[in-house]
Amino acid sequence: MEFHVYESARAACEAAGVLIAAQITRKGDSVLGLATGSTPIPAYEMLVQWWERGVIDFDKIRTFNLDEYVGIDQKNPMSYHAFMQEHLFSKVNLRPENTNLPSGRSVTACTAYDEKIRAAGGIDIQLLGIGRNGHIGFNEPADEFTYGTHIVTLAQDTIEANARFFRSADEVPRQAISMGIGNIMAARCVVLVATGENKAQAVYDTICGPITPHVPASILQLHPCCVILADRDASKLMRK
């Protein structure tokens, strides 16, 4: 596990963009695992700029997103489908048929998403954020790790954290469909970005704490190629 600290949140996010761009440069038909939320936006902005300058090409790139809310229409501006369209998909030359997000409530839909990832050859680089409670994707603290894509009931802490994207916490969906820990661990490289003082405990527990499903991100201690990029605030407990 590599751990890098940056002076600002934007710098940490842009560093993730550098790693993704390097992967695209090395392998023009890479499979990217993508994340949503405010954290990765600067990374996506950088990728768009480099595509506009002709530095990278998305024509043969395939993408798989970590998660999506259950019970929300794809065209809803609060959906992760809409988020990806706004911040990346509509701004570069990604082919629509090569972009994938999980959806649906059935076990069949979850299994089909896992199979589609396997058929693509697996994920080359997986971008992650981290929740205040140590969740990655929507893998919430639990008594055991969940391997494949699955439906999850969101923790109250996650609902409260995501309420800023809605008019109120009451509007935040209570369930989501998420890649499982097994999906994430199967990626050839994982890049986790953590910013803000409210993520400091989660970062410390991820790197220095025991491996436990009660801190889902702690499993990354076992990943052979995991890079954690944090700003000063998120890394403050690591400096004590």
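Residues numbered from 1 in each chain as written. Predicted model: local features only at pLDDT ≥ 70, side-chain atom pairs only at ≥ 80, totals over all residues. Heavy atoms only, no water.

Enquirer: How would you sum up the overall build of the chain? Please name residues and give values.
Expert: Scanning the chain for helices and strands turns up seven helices and 10 strands. Its C-alpha radius of gyration of 17 Å places the chain within 12% of the 18 Å reference for a compact globule of 240 residues. Dimensions along the principal axes, computed over C-alpha positions, put the chain at roughly 45 × 40 × 35 Å. In the chain, buried positions account for 55% of the 240 residues. In the chain, 80% of the contacts between residues at least 6 apart in sequence involve partners at least 24 apart. A total of about 10700 Å² of accessible surface is found on the chain, and carbon and sulfur atoms cover 51% of it. For the chain, the distance from the average position of its 22 positive side-chain charges to the average position of its 27 negative side-chain charges is 3 Å. (Helix = DSSP H or I, 4+ residues; strand = E, 2+ residues; numbered from the N terminus. Rg over C-alpha atoms; globule rule 2.2 N^0.38 Å. Buried < 20%, exposed > 50% of the residue type's maximum accessible area, 1.4 Å probe, protein only. Contact = heavy atoms within 4.5 Å. Areas by Shrake-Rupley, 256 points an atom, 1.4 Å probe, with all protein chains shown as cover. Lys, Arg positive; Asp, Glu negative; His and termini not counted. Charge placed at Lys NZ, Arg CZ, Asp CG, Glu CD.)

Enquirer: Please set out the sheet that holds strand 7 (residues 150-153) residue by residue, giving values where relevant.
Expert: Read across the open sheet, the three strands follow the order 4-8-7; overall the sheet is antiparallel. For this open sheet the edge positions go to strand 4 (67-69) and strand 7, each flanked by a neighbour on one side alone. Across the sheet, the axes of successive neighbouring strands diverge by a mean angle of 25°, strand direction being ignored. In this sheet, strand 8 (residues 175-178) lies alongside strand 7 in antiparallel orientation, the contact comprising four bridges. Bridge pairing in strand 8 links H150 to S178. (Pairing = 2+ DSSP bridges. Axes fitted to C-alpha atoms, helices over the stretch in contact; angles between N-to-C directions.)

Enquirer: Outline the sheet that holds strand 3 (residues 62-65), supporting the account with residue identities and numerical values.
Expert: Read across the sheet, seven strands follow the order 1-10-9-6-2-3-5 without closing on themselves; strand pairing throughout is parallel. Both edges of this open sheet fall to strand 1 (2-6) and strand 5 (99-100), since each of them pairs with a single strand only.

Enquirer: Which residues make up the nonpolar core, and what values go with them?
Expert: Judged by nonpolar contacts, the single largest core of 72 residues is most densely connected at L47, F58 and L88. Setting aside anything within four residues of it in sequence, one finds L47 in contact with G17, I20, A21, I56, F58 and L88. (Core = buried A, V, L, I, M, F, W, Y, C linked by side-chain atoms within 4.5 Å.)

Enquirer: Can you tell me about the packing of aromatic side chains, naming the residues and giving the values?
Expert: Geometrically, a pair of aromatic rings is defined through the distance of the ring centres and the angle of the planes. By the definition in use, this model includes four aromatic pairs. Taken together, a centroid distance of 5.8 Å and an interplanar angle of 70° make the contact between F64 and Y113 edge-to-face. Of this pair, F64 sits in strand 3 while Y113 is found in helix 4 (residues 107-119), placing the two residues 49 residues apart along the sequence. One exposure class covers both F64 and Y113, and it is buried. Centroid distance Y80 to F138: 6.2 Å. Interplanar angle 15°. Geometry classified as stacked. Of this pair, Y80 sits in helix 3 (residues 80-87) while F138 sits in the loop between strand 6 (125-128) and strand 7, and the two are 58 residues apart along the sequence. Each residue in the set Y69, Y80 and F138 is aromatic and connected to the rest through ring pairs, giving one cluster. (Phe/Tyr/Trp six-rings, centres within 6.5 Å; stacked < 30°, edge-to-face > 60°.)

Enquirer: Outline the pattern of salt bridges, listing residues and values.
Expert: For the structure on display, the rule yields eight salt bridges. Among the salt bridges present, the one from D59 reaches R95, with a minimum N-O distance of 3.1 Å. One end of the pair, D59, is in the loop between helix 2 (41-52) and strand 3; the other, R95, is in the loop between helix 3 and strand 5, with 36 residues separating them in the sequence. On the accessibility criterion, D59 (23% relative accessible area) is partly exposed. With a relative accessible area of 39%, R95 lands in the partly exposed category. For R118, the salt bridge identified is with E115, shortest N-O distance 3.1 Å. Of this pair, R118 and E115 both sit in helix 4, three residues apart, roughly one helical turn. Judged by its relative accessible area of 51%, R118 falls in the exposed class. Taking relative accessible area as the criterion, E115 reaches 41% and is therefore assigned partly exposed. In the salt-bridge network here, residues are joined through shared partners; they are R10, E14 and E45. (Salt bridge = Lys/Arg side-chain N within 4 Å of Asp/Glu carboxyl O.)

Enquirer: Can you explain the layout of surface pockets? Please cite residues and give values.
Expert: Estimates place the volume of the largest pocket at around 720 Å³. Along the walls of the largest pocket sit 41 residues, with T36, G37, S38, N162 and R164 positioned nearest its centre. Those elements giving two or more residues to the lining of the largest pocket turn out to be helix 1 (9-26), helix 2, strand 4, helix 3, strand 6 and helix 5 (156-162). Broken down by element, the lining of the largest pocket gets its largest block of residues, four residues, from helix 5. (1 Å grid on protein atoms, 1.4 Å probe; cavity = no way out; pocket = protein on both sides within 12 Å on 5 of 7 lines; lining within 4 Å. Points joined across faces, edges and corners; volume = space filled by probe spheres on them.)

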